[in-house]
Amino acid sequence: AQRETTLTLQLKDTQTTISRHIYGHFSEHLGRCIYDGFWVDPAMNIPKKDRIRLDVVAALKRIRIPNLRWPGGCFADEYHWRDGIGERSKRPKMINTHWGGVTEDNSFGTHEFLELCALLGTEPYIAGNVGSGTVEEMSKWVEYLNADGDTPLTRLRKGNGRDQPWKVRFWGVGNESWGCGGNMTPEYYSGEFRRYATFARNYPGASLKRIAGGANSADYNWTEVLMKSIPHNMMWGLSLHHYTVPTGRWNQKGSATRFDEKEYFNTMKNCLFMDELVTKHAAIMDRYDPGKRVALVVDEWGIWTDVEPGTNPGFLYQQNSLRDALIAATTLNIFNNHADRVRMANLAQTVNVLQALILTKGADMLLTPTYHVFDMYQQHMDARLVPLKITAPDYISGTQKIPAVNASASLDAKGRLCITLVNIDPQNNMTIHTPLPGTGYRNINGKLLHSGAFTDVNSFEHKTKVTPVAFKGAQLKAGELTVQLPPLSVVSLLLD
Ligand code: AHR
């Protein structure tokens, strides 16, 4: 069936910039993300720099990932950076107790991560250890990374082959300190943050953007206590973690590939909850920080399903379907529309873990539907947000309903208008009318990501089942843009 709606753009009200850092990613020492993801067996016969596989790097470079968070996650609070530097064969090993109990050989450490970031042309975002590390340990790590001149730590770094400081800016002070990062109360963590953040020093040319470990989903009290207890000039950002769990139950999350429409609806409803979360956390922040100095950093988000049958439950390997693409596109629209407060976000996790952009199998790799969404949304990075209104028709399931369509829009420095649209309704086409009087746009460049079923995936047997194609369903006529959105689709338009 065909349904209609109007999208109104406030083109004269574009004072907010969509930070490119909203399009950030996350790579933990977990399952096959770092090891056998980015960092492969030296004997693997593919183009590599050291042990970093370059096909993965090239794919991520194409979508210009702005930052990469590392080494965790829960792993960050048991990681001791000194174990990951120096001669590799001499590095101590440890057990990765959170993720599968596997042996971590520390072959991928500080230098390797920063080499990866350099190859990607991306900014590092490092999460320091508060849960099981000391203030001194964190302080020295920052000195090792960012100090110049002649100190014991800079000598150590130089001895390990790196003369110049890396000037890392994004600095997480712990991770999930309410849970795997130390089971702290918000009051206790606030005190710890103040202490750790004090000794994580600024060095010339490397002023840290310290990010406090924020709330678990709807724990609004956590945000309230931190905003009240931490001086705002100590904290560039405050984080938030929220995952979309299809069933809403952590003990049986639902399959990544086998689900019916009821579960699909429920998943999209749980995904849209991000809008309420961001709105409510931002409202609390507004009360303490009306000038919006502190950024809301959603540094873990995405869909979390049961693992692929037959894989290690601790490795969090899941397939990625068209549903994942609709989640990514919807969530990025939400972040764009809240860009006044959300200035950084990190999808969990880049390769082979949770809502991955890339899956690998030996020397082979594929791009997931989620990857293509980041590709189609690139134009929003650092553009000016165009606030919008859309009265979306409902997508109804039983007694429940959610908006069938969502969107965001931005203007780039050249005045080009980018609009990204999502139709999550599996049955209905949607015609969207957007008045654009007197704007003078003539050309439309459109891309469409769409497939027949929400369960469709890119597999190693059929890598391009869900892949973007040119979109011909948009027209400019008499000062109005008309777009025909197919069911289950993501569309990006660039008007000039
Ligand atoms: O992304 C997987 C895990 O989810 C992270 O390690 C942790 O921070 C969160 O609970």
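Everything discussed here concerns the structure shown above.
To start, this report covers the structure provided alongside it. What you see is a predicted model; the values in this text were computed from it and never measured.

**Quick notes on the pairing of strand E21 (residues 417-423)**
Alright, step 1. Here E21 lies mainly inside the structure; seven of its seven residues are buried.
Alright, step 2. Of the two faces of E21, both are covered, the one formed by Leu417, Ile419, Leu421 and Asn423 as well as the one formed by Cys418, Thr420 and Val422.
Alright, step 3. The pairing of strand E20 (residues 405-411) with E21 spans seven bridges and is antiparallel. When the sheet's bridge partners are listed, Leu411 is paired in E21 with Leu417.
Alright, step 4. Between E20 and E21, which pair antiparallel in sequence order, lie five residues; one of them, Gly415, sits at a positive phi of approximately 85 degrees.
Alright, step 5. Bridging between E21 and strand E27 (residues 489-495) involves seven bridges; their strand directions are antiparallel. For Ile419, the partnering residue across the bridge sits in E27 and is Leu493.

**Description of the pattern of salt bridges**
Alright, step 1. The tally for this structure, following the rule as stated, stands at 23 salt bridges.
Alright, step 2. When the shortest N-O distance is used, the salt bridge between Glu276 and Lys280 registers 3.0 Å. Taken together, the positions of Glu276 and Lys280, both in helix H7 (residues 261-288) and four residues apart, correspond to about one turn of that helix.
Alright, step 3. On the basis of relative accessibility, which here comes to 39%, the residue Lys280 falls in the partly exposed class.
Alright, step 4. Here Asp340 makes a salt bridge to Lys292, at a shortest N to O gap of 3.4 Å. With Asp340 in the loop between helix H8 (322-337) and strand E13 (342-348) and Lys292 in the loop between H7 and strand E12 (295-303), the pair connects residues that are 48 residues apart, well separated along the chain.

**As for the sheet that holds strand E23 (residues 444-450)**
Alright, step 1. The strand order E16-E20-E21-E27-E23-E24 describes an open sheet built from six strands, whose pairing is antiparallel. If you trace the sheet from one side to the other, it starts and ends with strand E16 (384-385) and strand E24 (469-470), each paired once.
Alright, step 2. In terms of strand pairing, E16 meets E20 through two bridges, oriented antiparallel. Bridge pairing links Arg384 to Leu411 in E20.
Alright, step 3. The sheet strands contacting helix H9 (residues 369-376) are E21, E23 and E27, and the helix crosses E23 at an angle near 165 degrees.

**Remarks on the state of the cysteines**
Alright, step 1. Taken as a whole and judged by the stated rule, the model has one disulfide.
Alright, step 2. With a sulfur-sulfur separation of 2.2 Å, Cys74 is cross-linked through a disulfide to Cys180. Classification of the bridge connecting Cys74 and Cys180 rests on its S-S torsion, roughly -90 degrees, and on that basis the disulfide is left-handed. Within this pair, whereas Cys74 is found in the loop between strand E5 (67-70) and strand E6 (94-96), its partner Cys180 is found in the loop between strand E9 (170-173) and helix H5 (186-199), the two being separated by 106 residues in sequence.
Alright, step 3. Cys74 sits in the buried class, given a relative accessible area of 12%.
Alright, step 4. Residue Cys33 stays outside any disulfide, its sulfur separated by 12 Å from that of Cys117, the closest cysteine.
Alright, step 5. On the accessibility criterion, Cys33 (0% relative accessible area) is buried.
Alright, step 6. Of all cysteine sulfurs, the one in Cys418 lies closest to Cys271, which takes part in no disulfide; the gap is 19 Å.

**Notes on the environment of Ala363**
Alright, step 1. Positionally, Ala363 belongs in the loop between strand E14 (358-361) and strand E15 (364-367).
Alright, step 2. On the basis of relative accessibility, which here comes to 42%, the residue Ala363 falls in the partly exposed class.
Alright, step 3. In this structure the C-alpha to C-alpha distance between Ala363 and Trp99, which are 264 residues apart in sequence, comes to 24 Å.
Alright, step 4. Setting aside anything within four residues of it in sequence, one finds Ala363 in contact with Met44, Ile46, Arg53 and Asp55.

**Notes on the packing of aromatic side chains**
Alright, step 1. Applying the stated criterion to the full structure yields 24 aromatic pairs.
Alright, step 2. A centroid spacing of 6.1 Å and a plane angle of 85 degrees characterise the contact between Tyr23 and Phe374, whose relative ring orientation is edge-to-face. One end of the pair, Tyr23, is in the loop between strand E1 (2-9) and strand E2 (24-26); the other, Phe374, is in helix H9, and 351 residues separate them in sequence.
Alright, step 3. One aromatic cluster is present, built from ring pairs that chain together Trp39, Trp70, Phe75, Tyr79, Trp81, Phe108, Phe113, Trp141, Tyr144, Trp166 and Trp171.
Alright, step 4. One residue, Arg69, lies across the ring of Phe26, its end atom 4.6 Å from the ring centre.
Alright, step 5. Sitting over the face of the ring of Phe170, Arg169 holds its NZ or CZ atom 5.1 Å from the ring centroid.

**Thoughts on helix H1 (residues 54-62)**
Alright, step 1. Considered for burial, the residues of H1 that qualify are Val56, Val57, Ala59 and Leu60. When H1 is viewed along its axis, its buried side chains cluster within an angular range of 165 degrees and face the same direction.
Alright, step 2. The first or second residue beyond H1 is Arg64, which carries a positive phi of 50 degrees.

**Quick word on the sheet that holds strand E11 (residues 237-244)**
Alright, step 1. The strand order E2-E5-E8-E9-E10-E11-E12-E13 describes a closed barrel built from eight strands, whose pairing is parallel. With direction set aside, neighbouring strand axes in the sheet form an average angle of 30 degrees.
Alright, step 2. Sheet topology places E5 next to strand E8 (residues 123-128); four bridges connect them, and they run parallel. Bridge pairing links Arg69 to Tyr125 in E8.
Alright, step 3. The strands that H8 touches are E11, E12 and E13; relative to E12, the one it contacts most, it runs at about 170 degrees.

The rules behind each value
For every chain, the first residue of the written sequence is number 1, and numbering continues from 1 along that sequence. Reporting in this predicted model follows two pLDDT cut-offs: at least 70 for local features of residues, and 80 or more for side-chain atom pairs to be given and counted; totals over whole chains, interfaces and linings ignore these cut-offs and use all residues. Heavy atoms from the whole structure form the basis of all side-chain values; hydrogens and water molecules are not counted. Burial classes follow relative accessibility: with a 1.4 Å probe on protein chains only, a residue under 20% of its type's maximum area counts as buried, one over 50% as exposed, and anything between as partly exposed. A run of H or I in DSSP counts as a helix once it spans at least four residues, and a run of E counts as a strand once it spans at least two, with each numbered from the N terminus. DSSP bridges decide pairing: two strands pair if at least two such bridges lie between them. Between Lys or Arg on one side and Asp or Glu on the other, a salt bridge is scored when a side-chain nitrogen of the former is within 4 Å of a carboxyl oxygen of the latter. It only takes one pair of heavy atoms within 4.5 Å for two residues to be counted as in contact. In this analysis, axes come from line fits to C-alpha atoms, helices being fitted only over the stretch in contact, and the angle between any two N-to-C directions falls in the range 0 to 180 degrees. When the sulfur atoms of two cysteines come within 2.5 Å, that pair is taken as a disulfide. Note on ring pairs: Phe, Tyr and Trp rings are taken, using the six-membered ring of Trp, and paired if centres are within 6.5 Å. Classes follow the plane angle, with under 30 degrees stacked, over 60 edge-to-face and the rest tilted. Throughout this description, the term charge over a ring refers to an Arg CZ or Lys NZ atom that lies within 6 Å of the ring centre and within 35 degrees of the ring normal. Each C-beta atom gives one direction from the helix axis, and the arc is the one those directions make.

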